[in-house]
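Chain residues, written in single-letter form:
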Amino acid sequence: MKFISLIIFSIFITANAFAQYSLRAGMGISFVSSSSLTDYINENFASYNQQLGTFNSAINFSGEFDYSTSQSYQVGLDLAYLINSYTYSSIGGIYKMNYDILMPTLVNYYVISGEGYIFKFGGGIGPRFVNVNEQLPGTPSGTNYTSAGFGILIRADANTLLSKNLYANIGGDLKYDINGKPSSNGKYLVNNNANYSDVNFNMFSAVLRIGLTYTF
């Protein structure tokens, strides 16, 4: 009994000896590919000289809380917020679409650290929450649509020491998000030029980020 208690105590002490917390905050740019949304915009609202490409940029803000259980393993909760908008003018009026996606993700990391640097490589999964506001030409106000889904990411992260506990952070993500089909009271966005198909916001994206990391 004493031997078992000693083992449990040793494991507890070892885990806490490596315990370290960190907070990261930053912003970046996402290069987003969403074929269903792109087709909807291009075929219904964008003129021939305003067509969207395969990848389109969006602003990305993020924050993260991480916990280290050993020198080489870390688990974190990442919260990213992506925003984007489109505006087009035509004879019939102005078309506007604004959308944002809230993306919490549980991430697991392999950590390589040394004097003045921390490198992290990992991946994770989490839910996705989409909000869309669309204003059609000739209408006085917009309609709000929402959906929920899930996504996965692969991440590489680098931190360089600035002061005692403060690091400059730069990172990159690859994401695939199944965001679903936004709806408003059962009504979906419909691409009339594509066999009346419902528009989904599923997307693949590459993200570049900069920010700060604080360890404690």
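Details of the structure are given in the entry above.
Now for a description of the structure that goes with this document. This structure is a prediction, so every number in the text was calculated from the model and none was measured.

What follows covers the pairing of strand E12 (residues 203-215). Every second residue of E12 is oriented toward a common face, the buried set being Met-203, Ser-205, Val-207, Arg-209, Gly-211, Thr-213 and Thr-215 and the non-buried set Phe-204, Ala-206, Leu-208, Ile-210, Leu-212 and Tyr-214. With 12 bridges connecting them, strand E7 (residues 166-178) and E12 associate as antiparallel partners. Within E12, the residue paired with Asn-169 across the bridge is Gly-211.

One number sums up the size of the second largest pocket: a volume of about 210 Å³. Looking at the second largest pocket, it is lined by 15 residues, and the ones nearest its centre are Tyr-40, Glu-134, Leu-136, Tyr-145 and Lys-187. For the lining of the second largest pocket, the class distribution of residues is seven nonpolar, six polar and two charged.

Let us now look at empty space enclosed by the protein. The final tally for this structure, using the stated rule, is one cavity of 30 Å³ or more. Counted as a void, the largest cavity has a volume near 50 Å³. Around the largest cavity, the lining residues are Val-32, Ser-34, Leu-37, Thr-38, Leu-52, Asn-56, Asn-84, Tyr-86 and Tyr-99. Those elements that place two or more of their residues in the lining of the largest cavity are helix H2 (35-44) and strand E3 (73-90). Considered class by class, the residues forming the lining of the largest cavity number five nonpolar, four polar and no charged.

Calculation notes
- Residues numbered from 1 in each chain as written.
- Predicted model: local features only at pLDDT ≥ 70, side-chain atom pairs only at ≥ 80, totals over all residues.
- Heavy atoms only, no water.
- Buried < 20%, exposed > 50% of the residue type's maximum accessible area, 1.4 Å probe, protein only.
- Helix = DSSP H or I, 4+ residues; strand = E, 2+ residues; numbered from the N terminus.
- Pairing = 2+ DSSP bridges.
- 1 Å grid on protein atoms, 1.4 Å probe; cavity = no way out; pocket = protein on both sides within 12 Å on 5 of 7 lines; lining within 4 Å.
- Points joined across faces, edges and corners; volume = space filled by probe spheres on them.
- Nonpolar A, V, L, I, M, F, W, Y, C, P; charged D, E, K, R; others polar.

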